[in-house]
Amino acid sequence: MSVTARPQLSHLRALESEAIHVMREVAAEFERPVLLFSGGKDSIVLLRLAEKAFRPAGFPFPIMHVDTGHNFPEVIEFRDRRIAELGERLIVSHVQDSIDAGRVVEETGPRASRNRLQTITLLDALEQNGFDAAFGGARRDEERARAKERVFSFRDDFGQWDPKRQRPELWSLYNGRINRGEHVRVFPISNWTELDVWRYITVEGLEVPSIYFAHRRPVFERDGMLYAHSPHVELIEDERPFEVSVRYRTVGDMTCTGAVRSDATTLEGVVAEIAATRITERGETRADDRVTDAAMEDRKREGYF
């Protein structure tokens, strides 16, 4: 068969193949990898890719969630049910434990959030379990700091990231050599876009938490964003909850994750909305990325996801 006559992989299958290759490389190169799972769409895709990479055997790594204690209940329910269905091991590291141990100090006031506190909880969990590689669902299209990442993102023995110390990744060759105390964050879906993720979820028929679809919910408006009205967020004077049809483009701590007005109740409707938008998901719905232009990069340098 001539080269030109060979069947061509579809765009999604090419991305899938690349991600599976990355996962198998990590399983081969590292002693104690772990898959970070938030219950969100990107980590749901990672679970599917892990199934395709390693089934019918079990995953050669556990799954870990850093729980702020202020997560959406629908996501926590989905997390527990999905991991149970897979029959895999789940490790839950709690920010509350870090607060109780004096490792971090909880913020107070209407703009308080536990989102930034996750960094210490994550770094402690990686060290305590001896994990030398951690899969994450970050993508380069999310935010400018994410775009600087390699697939293998090296962290020093303090868990810190230096964008100037990235290793070249030519011809899909990955250098996993690290010193004791260092670790690597691995992003198999770096080259995917938000639209790719939703199209893959649709093609694969994957279940996602219900908050990704339009539903009526009590919210309040702050700084141009719609936040869920919950016991975790203190209202500022003149802020009043109201009910509206919304959905979430990303999941995370309820104190910093905004919703978007939507009527999309199906995967096809979500795909259509994402195809039409020109605003990134984090730019539209994550308050922690609006603090400064370098907010994400500053957190990543400290050891954030």
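Going by the structure above, here's the rest.
All figures in this text were calculated on a predicted structure; none of them were measured in a lab.

Asks: In this structure, what is going on with the sheet that holds strand β10 (residues 258-261)? I would like to understand it.
Replies: The pairing of strands in a sheet comes from backbone hydrogen bonds and takes either a parallel or an antiparallel form. In space, the four strands of this closed barrel follow the order β7-β8-β10-β9, with antiparallel pairing throughout. On average, each strand axis in the sheet is inclined to that of its neighbour by 70°, with strand direction left out of account.

Asks: Any chance you could explain the sheet that holds strand β4 (residues 133-135) here in plain terms?
Replies: Strand order in the open sheet formed by six strands is β3-β2-β1-β4-β6-β5, and the pairing between neighbours is mixed. Of all the strands in the sheet, the pair left with one neighbour each is β3 (90-94) and β5 (152-155). Strand-to-strand, the axes of this sheet are offset by a mean angle of 30°, without reference to chain direction. Here five bridges tie strand β2 (residues 63-67) to β3, and the two strands are oriented parallel to one another. By the bridge assignment, His 65 is partnered in β3 with Val 92. Against the sheet, helix α5 (residues 118-129) engages β1 (33-36), β2, β3, β4 and β6 (183-186), with an angle of about 150° to β2.

Asks: Would you take a moment to explain the packing of helix α1 (residues 11-29) against helix α6 (residues 194-204) for this structure?
Replies: Packed helices, taken two at a time, are described by the angle between their axes plus the distance between the axes. Between α1 and α6, the shortest axis-to-axis distance is 11 Å and the interhelical angle comes to 95°. One way to sum up the angle between α1 and α6 is to call them roughly perpendicular. Where α1 abuts α6, its residues His 11, Leu 12, Arg 13, Leu 15 and Glu 16 lie against Asp 196, Arg 199, Tyr 200, Val 203 and Glu 204. Among the residues making up the contact of α1 with α6, the classes are represented as four nonpolar, one polar and five charged.

Asks: Quick question: what am I supposed to make of the environment of Val 233 here?
Replies: Tracing the backbone shows Val 233 in the loop between β8 (225-228) and β9 (242-247). Considering only alpha carbons, one finds Val 233 and Ser 113, 120 residues apart in sequence, at a separation of 8.4 Å. Leave out the neighbours within four places in its chain, and Val 233 touches Pro 110, Phe 220, Arg 222, Met 254 and Thr 255.

Conventions adopted
- Residues numbered from 1 in each chain as written.
- Predicted model: local features only at pLDDT ≥ 70, side-chain atom pairs only at ≥ 80, totals over all residues.
- Heavy atoms only, no water.
- Pairing = 2+ DSSP bridges.
- Helix = DSSP H or I, 4+ residues; strand = E, 2+ residues; numbered from the N terminus.
- Axes fitted to C-alpha atoms, helices over the stretch in contact; angles between N-to-C directions.
- Contact = heavy atoms within 4.5 Å.
- Parallel < 35°, antiparallel > 145°, perpendicular 65-115°, else oblique.
- Nonpolar A, V, L, I, M, F, W, Y, C, P; charged D, E, K, R; others polar.

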